[in-house]
Structure formats: C-alpha cells, structure tokens
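Here are the chains, one letter per residue:
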Amino acid sequence: MMLLEVERLSLRFGGLEVIRDLSFAVPAGTIASFIGPNGAGKTSLFNLITGFYRPTAGEIRFAGERITGLPPSAVARRGLARTFQNIRLFKTLSALENVLSALHPRTRSGVFAALFRTPGMRREEAWAREEARRALAFVGLQDVADRSAGTLPYGHRRLLEIARAIALRPKLLLLDEPAAGLNPAEKAALADLIRRIRDELEIGVILIEHDMRLVANVSEHVVALSYGEKIAEGPPADVLRHPKVVEAYLGEEAVG
Ligand SMILES: Nc1ncnc2c1ncn2[C@@H]1O[C@H](COP(=O)(O)OP(=O)(O)O)[C@@H](O)[C@H]1O
Ligand SMILES: [Mg+2]
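Residues numbered from 1 in each chain as written. Chains lettered and ligands numbered in written order. Predicted model: local features only at pLDDT ≥ 70, side-chain atom pairs only at ≥ 80, totals over all residues. Heavy atoms only, no water.

Here we look at the coordination of the magnesium ion (ligand 2)
And step 1. Summarising the metal site, the magnesium ion (ligand 2) is bound by the protein donors T43 (OG1) and Q85 (OE1), whose distances to it range over 2.1 to 2.3 Å. Pair noted here: T43 is in helix α1 (residues 42–49) and Q85 is in the loop between β6 (80–82) and α3 (95–103), with a separation of 42 residues, a long-range link.
And step 2. Under the relative-accessibility criterion, T43 is labelled partly exposed at 26%. (Donors = N, O, S within 2.8 Å, 3.2 Å for Na, K, Ca; no water. Helix = DSSP H or I, 4+ residues; strand = E, 2+ residues; numbered from the N terminus. Buried < 20%, exposed > 50% of the residue type's maximum accessible area, 1.4 Å probe, protein only.)

Some words on unusual backbone geometry
Negative phi values dominate among residues other than glycine, just as trans dominates among peptide bonds.
And step 1. With a phi angle near 50 degrees, R8 is a residue other than glycine that sits in the positive phi range.
And step 2. Along the chain, the position of R8 falls in strand β1 (residues 2–13).
And step 3. Positive phi is not limited to glycine here, since Y227 has a value of about 45 degrees.

Points about the domain arrangement of the protein
And step 1. When its domains are assigned, the protein resolves into domain 1 (1–79 + 170–256) and domain 2 (87–169).
And step 2. Its C-alpha centre places domain 1 at a distance of 26 Å from the equivalent point of domain 2.
And step 3. Between domain 1 and domain 2, the contact holds 18 residues from the first and eleven residues from the second.
And step 4. Of the roughly 1,100 Å² buried between domain 1 and domain 2, counting both surfaces, carbon and sulfur atoms make up 75%.
And step 5. Between domain 1 and domain 2 we count zero salt bridges in total.
And step 6. At the junction of domain 1 and domain 2, the tally comes to two residue pairs in polar contact (both at pLDDT 80 or more). (Domains from an automatic or database assignment. Contact = heavy atoms within 4.5 Å. Buried area = accessible area lost by both parts, 1.4 Å probe. Salt bridge = Lys/Arg side-chain N within 4 Å of Asp/Glu carboxyl O. Polar contact = N/O pair within 3.5 Å; in protein donor to acceptor, adjacent residues only side chain to side chain.)

So, the site of ligand 1
And step 1. In the neighbourhood of ligand 1, the contacting residues comprise F13, L16, V18, P37, N38, G39, A40, G41, K42, T43, S44 and Y53.
And step 2. Contact distances for ligand 1 include 2.8 Å between an oxygen atom and a backbone N or O atom of G39.
And step 3. Interatomic distance of 3.2 Å between a backbone N/O atom of A40 and an oxygen atom of ligand 1.
And step 4. Alone, ligand 1 offers 570 Å² of accessible surface; in the complex the protein occludes 64% of this.
And step 5. Elements with a minimum of two residues in the shell around ligand 1: β2 (16–27) and α1.
And step 6. At three residues, α1 tops the list of elements feeding residues into the shell around ligand 1.
And step 7. Of the residues belonging to the shell around ligand 1, the class tally is six nonpolar, five polar and one charged. (Near = heavy atom within 4 Å. Areas by Shrake-Rupley, 256 points an atom, 1.4 Å probe, with all protein chains shown as cover. Nonpolar A, V, L, I, M, F, W, Y, C, P; charged D, E, K, R; others polar.)

What follows is the structure, encoded as structure tokens:
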C-alpha cells in the first residue's frame, strides 16, 4: 500500500515554477528522504503535502484518500504531522507545556469546559499530560520536561519539536532538515530515533536532509529534486550516485 502518492503536482508563484509536474509514491512503513540543492523546492513540497500551500495543478493522496487543497488542520487530523526547518517552539513554556500545546487538537473539551473545569476536562488534561510525558520520554527528554524550551541546548530543541509531532500519533511524520546544526554524535542518535519512530510507533517518516551520510544510513527510498523537478527516485545507493544528482550538487557543499 502507498502511504503518500503525488501525481503531476505543480506549484507556481507568479512566474516562478517552484514544483514542476512532480510525481512519486512512498510506500507505507517506509523511511524516505527528499534531497536536492537549496531552493530545489523541498520545503515547498512539505508545505503542499501538509496543506500550507495549495498546488497550481496535480493531486496528493494520503493513505489512498485525496487530500489536495485541504487546510492544514484537516490534513493533520488525517494523520500527517511535521516539523519546521526553523525551530518553532514557545520559548518561555516548559518542554512539557510545548508538547501539551501541540496536543490541543486531540482534546475535545471546548471553551465551556475550560472555563468551568468539568470532570471531563480534568480527565482529558490528565490524559494529555500522560501522552506528552510519553512523547518526551520517547525522544529522551524526560529529565528536562519542566525546563523552559528557550533554555534547552539546540539539539534538545530539535528533539522537542519531534516530540511535539509524535505526540499527535500521526501515520506519517515529515521532518524538515532535522539534523541541521547537530554534531556527529547527535546525528547518530537522531538516526536511531528515526528508526525507532518507524519500528516502535509504526509511523512512516519522510525527511528533508542535506547530510548524505544520514540519508544513506536511514532512508529506504529517496526522491531527488532540482529546480522543482524530480531528477531521480529509488533506493539511496542508486539515487545518491545518479549522474543528475551528482551534477545538481556540484558547486554545493560536498555530497559526503
Ligand atoms: N511563499 C512563497 N512565495 C514565493 N516564492 C516561494 C515561496 N515559498 C517558496 N518559494 C520559492 O520556491 C523555491 C524553493 O524554495 P524551498 O521550497 O524553500 O526550497 P528548499 O527547501 O529545497 O531549499 C525558492 O526559489 C523559494 O524562494
Ligand atoms: Mg527547505
């Protein structure tokens, strides 16, 4: 079964074609990577998949269902979660509160219950705290749950973003450059975490990544973009040495 299918997708901003006639498919239970030089359209593709951008043409199917043009909240409800290239956290809130804030869409009590703190509301709050703690523990941040996010080291903030996303228990997690700014030891730990997310939580993962060693290490499927077009797709061993991919990266930082 294909978890994500993209068919003849295009995105245009004025005269700029950001994504051009793009088609690919990611099977369920896969760790996949989107690669390509800066400006290739990788983040825009995440924005299209998650409903932040509306495509100019084409179709996106998630778990067999058409999600093209749905707003981000509707896409999220169907089981798609993401992190951002630039970390987006509430700096003054604790790590735990940051995860709790992500869980809001999963709690049902409305404003009324919040005002009067009904028993149902209290049960829901206890449930949310439990879920949030579980997500923090999964990424290894249980000991800093009460520290404010702004005081956490950079690597921990990246992990906290992932905790916020997995707390939603999505079917598919999109990670935009999760290894950016991490040291080699943190990158190795991230690779393990990504595998555990897939194996233990049974969440499919797509990452946008520049570190080709990490891409080769964790992904089973790679889609390579250049100027908004697919230039290669397949297993990392083939895609990373594809002549068009090598060429696209010439003049960029070493492919590694
Ligand atoms: N909202 C937008 N409006 C105009 N141009 C955009 C917008 N979003 C992305 N782009 C353009 O799309 C191209 C691809 O950007 P992006 O998807 O961020 O690439 P990548 O993530 O591969 O580095 C760039 O030229 C960028 O300026
Ligand atoms: Mg990007």
